[in-house]
Amino acid sequence: MGRMHQPGLGIFPVWLGKSRIMNTNTSSVNVPQAAYGWQRILLATAFIYPVWLLMVGTFDPAELSIGLIIAVLTAWLSKPHLHILDAIKWHPAIALYVLVYVGVFLWALLRSNLDVAARVLSPRLPINPAIVEVETHLRSDLGKLLLANCITLTPGTLTVDVFADRLQIHWIDSTPGRDMTHATASIAAQFEYYLSKFIK
Amino acid sequence: MQIIGASLILLGTSFLFLGALGLFRMPDVYNRIQAGTKATTLGSLSVLLGIAVYYPLWWPKLLLIALFILLTSPIASSTLARAAYKTGLRPYRAALDKGEG
Amino acid sequence: MENFLIVLAFVIGLAALALAIWRFFAGPTTPDRVVAADTLAIITTAALVWLAAFFGNSIYLDIALVYAALAFVAVVVIARMIEPDAKQADAVSSQKEAD
């Protein structure tokens, strides 16, 4: 059933590239609205359908077809928000970058947990918190969302708020007197590098 | 094999406990969010992995729960931190830091 | 041996629940209580999955999934509720100016 859409998947890079040049928003001029909405829904369905498959855990034809209907319906209902998907940079190696990003993310999660565990268990409770601001080069909402999520799960940092070009971060270990701008830049830099490979 | 699963579950609950202990010990709301979110995220993932060792056939739903926790837990904590900041709660010792800097 | 480990895990989980519940009642601010509720929800999700394994019944996994989803929505909604709404504040101040 999914095979029917396979030729369509190949054209995603093209239309997304076009939309990037035209700086697409909902009130774009000579582009037929339906075309954009339609392809976004298809892409969202491709994200939602696997969730259904994981939930039912079978390949029963009845479940597969009902799942497809529900996935399309869910994507259609969330249409007003689907423009965030335009931020994905499509290129052949995208799967590789996503995998590397997930690996970095899980490693940071592990380190952050050990870090928090050590702080909690230490009798003196060695914390030195402050709220700092970090600049980001990611411009899209989706990119900033993923970066904020990453920072929240990194050792000792918690995203408090997101502005146009910077993130407000609660930092558990900000030793007074250290070079703050330099130290804070390193919080986001690593994730930003990997994220910028596949998201604007 | 079963002993690996049991150890993973034990490790997971230990992290859940550390998260709750952080919630108990930390001096202000932001640090509590940090401890409460991070440790419990890895803790529950570890428990899920341990259960997956016991019941390998359940992996699709366990993976779904794991993905859900991994994606929503930082969002919940960030939303909460922002709400706390906007209601005017300032981090512990922030005034002191400003004075020294 | 592994039965012992599982029972030990259960006891540690109970202790974690007790600490989180203590923070929920002790406060002192609303965000503190919501953090405690969030932590309680994650512990409960893990406990539901543990129950699924204990009874050998995968229906508890669905309950855990729905519980996690509802808890997340609840935390976000409460967080948005206690956050002073910027638009509302603007409306109030502009009304004051009009007065």
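Since we're looking at a predicted model, the values are computed, not measured.

All names here are of chain C. It is at 9 Å that the axes of helix 2 (residues 30–55) and helix 3 (residues 59–82) come closest, and there the two elements cross at 175°. Considering their axes alone, helix 2 and helix 3 lie roughly antiparallel with respect to each other. Along the contact surface, helix 2 presents Thr30, Pro31, Val34, Asp38, Ala41, Thr44, Thr45, Leu48, Val49, Leu51, Ala52 and Phe55, while helix 3 presents Tyr60, Leu61, Ile63, Ala64, Tyr67, Ala68, Ala71, Val75, Ile78 and Ile82. Looking at the contact of helix 2 with helix 3 residue by residue, the class counts come to 18 nonpolar, three polar and one charged.

In this section: the confidence of the model for chain A. On average, residues of chain A score 73 in pLDDT, and 76% of them are at 70 or above. The element-level mean pLDDT for chain A is lowest in helix 1 (residues 6–9) of chain A, coming to 38, with helix 4 (residues 61–77) of chain A highest at 89.

Let's shift gears to helix 6 (residues 141–152) of chain A. Side chains that are three or four residues apart share a direction in an α-helix, a result of its 3.6 residues per turn. Residues and elements named next belong to chain A. The end-to-end C-alpha distance of helix 6, which contains twelve residues, comes to 16 Å, matching closely the 16 Å that a straight helix rising 1.5 Å per residue would cover. With respect to burial, helix 6 is a largely interior element, ten of its twelve residues being buried. For helix 6, the full list of buried residues reads Leu142, Gly143, Lys144, Leu146, Leu147, Ala148, Asn149, Cys150, Ile151 and Thr152.

Residue-level pLDDT values for chain B average 83, and 90% of them are 70 or greater. Below a pLDDT of 50 lies the segment residues 94–101 of chain B, which in the model reaches six contacts outside its immediate sequence neighbourhood of four places, other chains included.

A separate point is the packing of aromatic side chains. On inspection of all chains with the given rule, the structure shows nine aromatic pairs over all chains. For the pair Phe24(B) and Trp22(C), a centre-to-centre distance of 4.7 Å together with 55° between the ring planes defines the contact as tilted. Of this pair, Phe24(B) sits in helix 1 (residues 2–25) while Trp22(C) sits in helix 1 (residues 2–26), which puts the two residues in different chains. With a relative accessible area of 43%, Trp22(C) lands in the partly exposed category. Through a chain of ring-to-ring contacts, three or more aromatic side chains come together here, namely Phe10(C), Trp50(C), Phe54(C), Phe55(C) and Tyr60(C).

For Thr74(A), the location among the structural elements is in helix 4. Taking the C-alpha atoms as reference, Thr74(A) lies 9.0 Å from Ile41(A); in sequence the two are 33 residues apart.

Applying the stated rule across the entire model yields five salt bridges over all chains. For Arg32(B), the salt bridge goes to Asp32(C), with nearest N and O atoms at 2.5 Å. Of this pair, Arg32(B) sits in helix 2 (residues 29–54) while Asp32(C) sits in helix 2, on two different chains. Residue classification places Arg32(B) among the buried residues on the basis of a relative accessible area of 7%.

Here we take up the side chain of Gln34(B). Position of Gln34(B) relative to the elements: it lies in helix 2. The class of Gln34(B) is buried, set by a relative accessible area of 1%. A polar side-chain atom of Gln34(B) sits 3.1 Å from a polar atom in the side chain of His170(A). Engagement of the side chain of Gln34(B) in a polar contact is seen with the side chain of Lys38(B), the distance being 2.8 Å. With residues up to four places along the chain from it excluded, the contact list for Gln34(B) reads Gly156(A), Thr157(A), Leu158(A), His170(A) and Ile172(A).

Parameters at a glance
- Residues numbered from 1 in each chain as written.
- Chains lettered and ligands numbered in written order.
- Predicted model: local features only at pLDDT ≥ 70, side-chain atom pairs only at ≥ 80, totals over all residues.
- Heavy atoms only, no water.
- Axes fitted to C-alpha atoms, helices over the stretch in contact; angles between N-to-C directions.
- Helix = DSSP H or I, 4+ residues; strand = E, 2+ residues; numbered from the N terminus.
- Parallel < 35°, antiparallel > 145°, perpendicular 65-115°, else oblique.
- Contact = heavy atoms within 4.5 Å.
- Nonpolar A, V, L, I, M, F, W, Y, C, P; charged D, E, K, R; others polar.
- pLDDT = per-residue confidence, 0-100.
- Expected span 1.5 Å × (residues − 1).
- Buried < 20%, exposed > 50% of the residue type's maximum accessible area, 1.4 Å probe, protein only.
- Phe/Tyr/Trp six-rings, centres within 6.5 Å; stacked < 30°, edge-to-face > 60°.
- Salt bridge = Lys/Arg side-chain N within 4 Å of Asp/Glu carboxyl O.
- Polar contact = N/O pair within 3.5 Å; in protein donor to acceptor, adjacent residues only side chain to side chain.

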